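Single-letter residue listing:
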Amino acid sequence: MLTDAQIKHFQEKGWVGPIDIFSPGEITKVRECLENNHKMIVEANGQEIMGFYNNVLNIETPRDHHLFYEPLANMFRHPDLISRLNQIAGLDLLLWYTNVFCKMPGQGEIKWHQAIEFYTSSDIDFEKKTLVYSPDDRDPVNLTVWVALEDSDRENGCMRFANGSHRKEFEILQGSIPAEEGVFAGISAHKTVWQRKQEYSLSYDFDENDWEIEEVPVKAGQVVIFTERVMHSSLPNHSDRRRMAIIGRYIRPHTKVYPYRLKGDFIDENGHNIKRHFNILVSGRDRYEYNVVRDKHDLDETEVKFQVTSNLIRFGRVEIPEDKRKLEIYGLEKQAIEGDCQEQEINPILHPRKYIEWQAWNQFKGISREKAMKMYCELVSTLPRKDTQVSTANNIDVARKVRKGQLTVASIQNWLTSYLAELLEIDVDEIEENTPFERYGLSSSEAITLISDLGDWLGCELPPTLFYSYSTIGTVAEYLCQASLAKV
Ligand SMILES: O=C(O)CCC(=O)C(=O)O
C-alpha cells in the first residue's frame, strides 16, 4: 500500500515513485515477451528503433501489446499495483492503454507534455477525442503507471517531472514548432499520424525554468505513478545502454474511450484502427457500460496461431524457399486476411509479376479464411527457422562498384523507385524515398521478392529481413552502400 507520505507526495508533486512492485522474474517475463516479438528498424531519420507488430490492432506500433500478450496484461493487473492505484483514484478502474517506451542509445529527449491533453484534444482532429471525461467529473483521471523494464538514470534518459505543475492549466500552442521537433520526435516510434505527415506538432506555454524539476532514476521493477496533468519529459539517452520502459493508463469507467467508434470513425491519433480495441476492468465495477470491456481479445485459437505464425515471417525468423511455396505463403496470407480475391484477372503479358500474385491468391478462392489460416500455419511450420541477424551485403563486387562510383545511393534509390512504381502500377513521382515500404501496402512475400530481385541486380545475397531493419528506400540505399564498403 502507499504510505501517507507517498500519498502526500503524489498530491503535492503530481507523481510518486520509485515504488518497488515487480520482482525480477516478472520483469524478465515482460522483457522477454517484447524481445521475442520485435524487429529492429532503421527509420528515415536514421534512428534505430525496436518495432513491434500489434496482432490485435493489426498495425506496427509500440501501443497496446497487452491486448495480445498475457505477460503484459498481467503486469498491469498486478494486485500490488492496483491496490495502490485504488488509493489514488478509487475502486473502479479500467486499463485502456499501454505503450512501450524504448529509448535506444543515442535517441533523444521526450519534451514536456501532459497526458491529459494527448487524449482529450490532440486526437486526429480536435473534434474527435480519444477520451471524453464525464461532465460531472470534476477531477478526471487518466493515471499513468511508468514501469522500468531496465534501470533508468540520467545518462540513459530517465523521467523528469515539474513538481506541482498538475495544479496549473497550460495553454497548448498548436503548430508553433515544426513537426519534426514535436514532443515525441526524440523517439521516432512514437509519432502520431500528424507528426508522420509532418503536418502538426504541439507545444505548451510551459517554461521549465519556472518550476522545480525533479529527475527520477528508477531501477528495473520499480514504477512511477503520475497524474494526467503533471508536466513530464525524459532526458536523451547519452549512454550505450538501452532504456526500456512500458506504461499503462487507467481511467474511471464513466470516462468514454474512443466514443467516436460508435459513429464509424476508428482511426486514432497513432493511426490505429481501433475497432478491436478493448478495455480491461482491473478493479471494482463498471456501472456505466459506455466502453468495450473484456478480459481478453476476441481472436479465436486459429487466428491467434495464424498471428503468431505471421510474426515469424514478419520478424524474419523462417527461411522462405525460392519455389512455389513462397507464392503459396503469399496467397494463403491474402486469403486468410482478405478472403476471396475480388480482383479481375490480370493481363499476364502486361503485368507478369502481378499476374503471378493474382494467380497465387486466386487459386485459394472459395477456401474459408479459417482454413486458409490453418493451411498457412501448416506450411510455415515445415520451413526451417533461421538466425535473425541482418547480414551485410557481402559481395566484394558490390563494394568495387560502389568505390568506382558505378553504384551510388542515388542509383539504388532509382532502381527501387522504378521497381516499386512498376509493381504498384503507379507513377514514379508517387514513390517517396522516406516513406516506409509497408505504407505502400507490400505483402511480406512481395517484399521478399523485391529483396531477392534487388540482390540479383546488385550481384549479392541480401537478407530477406532487410526491410525490417531498413524500412525506406533512402535507408536501404544508404545502408547497402555503406555496408558493402565496410566489407573491403
Ligand atoms: O518513457 C519516456 O521516456 C516518456 C514517457 C512519457 O512521456 C509518458 O508516459 O507520457
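See the structure printed just above.
Residues numbered from 1 in each chain as written. Predicted model: local features only at pLDDT ≥ 70, side-chain atom pairs only at ≥ 80, totals over all residues. Heavy atoms only, no water.

Caption draft 1: Local environment of the site of the ligand. As a structural note, the neighbourhood of the ligand is formed by Phe101, Ile110, His113, Trp146, Met159, Phe226, His232, Ser234, Arg243, Ile247 and Arg249. At 3.0 Å from an oxygen atom of the ligand is found a side-chain nitrogen or oxygen belonging to histidine 113. At a separation of 2.8 Å, an oxygen atom of the ligand approaches a polar side-chain atom of tryptophan 146. Protein burial of the ligand: of its 290 Å² of free accessible surface, 99% is covered by the chains. Breaking the shell around the ligand down by element, the ones donating at least two residues are strand E7 (110-113), strand E15 (232-234) and strand E16 (243-251). In terms of residue count, the dominant contributor to the shell around the ligand is E16 (3 residues). Split into classes, the residues belonging to the shell around the ligand amount to 6 nonpolar, 3 polar and 2 charged. (Near = heavy atom within 4 Å. Polar contact = N/O pair within 3.5 Å; in protein donor to acceptor, adjacent residues only side chain to side chain. Areas by Shrake-Rupley, 256 points an atom, 1.4 Å probe, with all protein chains shown as cover. Helix = DSSP H or I, 4+ residues; strand = E, 2+ residues; numbered from the N terminus. Nonpolar A, V, L, I, M, F, W, Y, C, P; charged D, E, K, R; others polar.)

Caption draft 2: Quick peek at the nonpolar core. If you look at the biggest cluster of nonpolar residues, it comprises 44 residues, and the most contacted ones within it are Val147 and Tyr250. Setting aside chain neighbours within four positions, we find tyrosine 250 in contact with Phe76, Leu81, Ile82, Leu85, Leu94, Leu95, Trp96, Val141, Asn142, Leu143, Val145 and Val282. Membership of the second largest hydrophobic core comes to 30 residues, among which are Ala447, Ile451, Leu454 and Leu462. (Core = buried A, V, L, I, M, F, W, Y, C linked by side-chain atoms within 4.5 Å. Buried < 20%, exposed > 50% of the residue type's maximum accessible area, 1.4 Å probe, protein only. Contact = heavy atoms within 4.5 Å.)

Caption draft 3: Quick look at the packing of aromatic side chains. Evaluation of the coordinates by the stated rule reveals 14 aromatic pairs. With centroids separated by 5.1 Å and ring planes inclined at 80°, the aromatic side chains of phenylalanine 68 and tyrosine 69 adopt a geometry described as edge-to-face. With respect to class, phenylalanine 68 is no different from tyrosine 69; both count as buried. Members of the aromatic cluster, joined through ring pairs, are Trp112, Phe170, Phe206 and Trp211. Above the face of the tyrosine 53 ring, arginine 314 is positioned so that its terminal group lies 3.6 Å from the ring centre. (Phe/Tyr/Trp six-rings, centres within 6.5 Å; stacked < 30°, edge-to-face > 60°. Lys NZ or Arg CZ within 6 Å of the ring centre and 35° of its normal.)

Caption draft 4: Layout of the packing of helix H8 (residues 324-338) against helix H10 (residues 369-381). Two numbers describe how H8 lies on H10: the axes approach to 8 Å, and their chain directions differ by 150°. Comparing the axis directions of H8 and H10 gives the class roughly antiparallel. Two packed elements cross with a definite hand, and for H8 against H10 that hand is left-handed. Listed contacts from H10 to Arg325, Glu328, Ile329, Leu332, Glu333, Gln335, Ala336 and Ile337 of H8 are Arg369, Ala372, Met373, Met375, Tyr376 and Leu379. For the contact of H8 with H10, the per-class residue count stands at 9 nonpolar, 1 polar and 4 charged. (Axes fitted to C-alpha atoms, helices over the stretch in contact; angles between N-to-C directions. Parallel < 35°, antiparallel > 145°, perpendicular 65-115°, else oblique. Left-handed = near helix turned anticlockwise from the far one by under 90°.)

Caption draft 5: Representation of the sheet that holds E15 in the model. The strand order across the open sheet formed by 4 strands is E7-E15-E10-E13, and the pairing between neighbours is antiparallel. Bordering the open sheet on either side are E7 and strand E13 (213-216), each of which pairs with just one other strand. Adjacent strand axes in the sheet meet at a mean angle of 20°, parallel and antiparallel pairs treated alike. Sheet topology note: the strand E10 (residues 159-162)/E13 ladder contains 4 bridges and is antiparallel. Along E13, the bridge assignment pairs alanine 162 with isoleucine 213. (Pairing = 2+ DSSP bridges.)

All quantities given are derived from atomic positions and should not be read as evidence of function.
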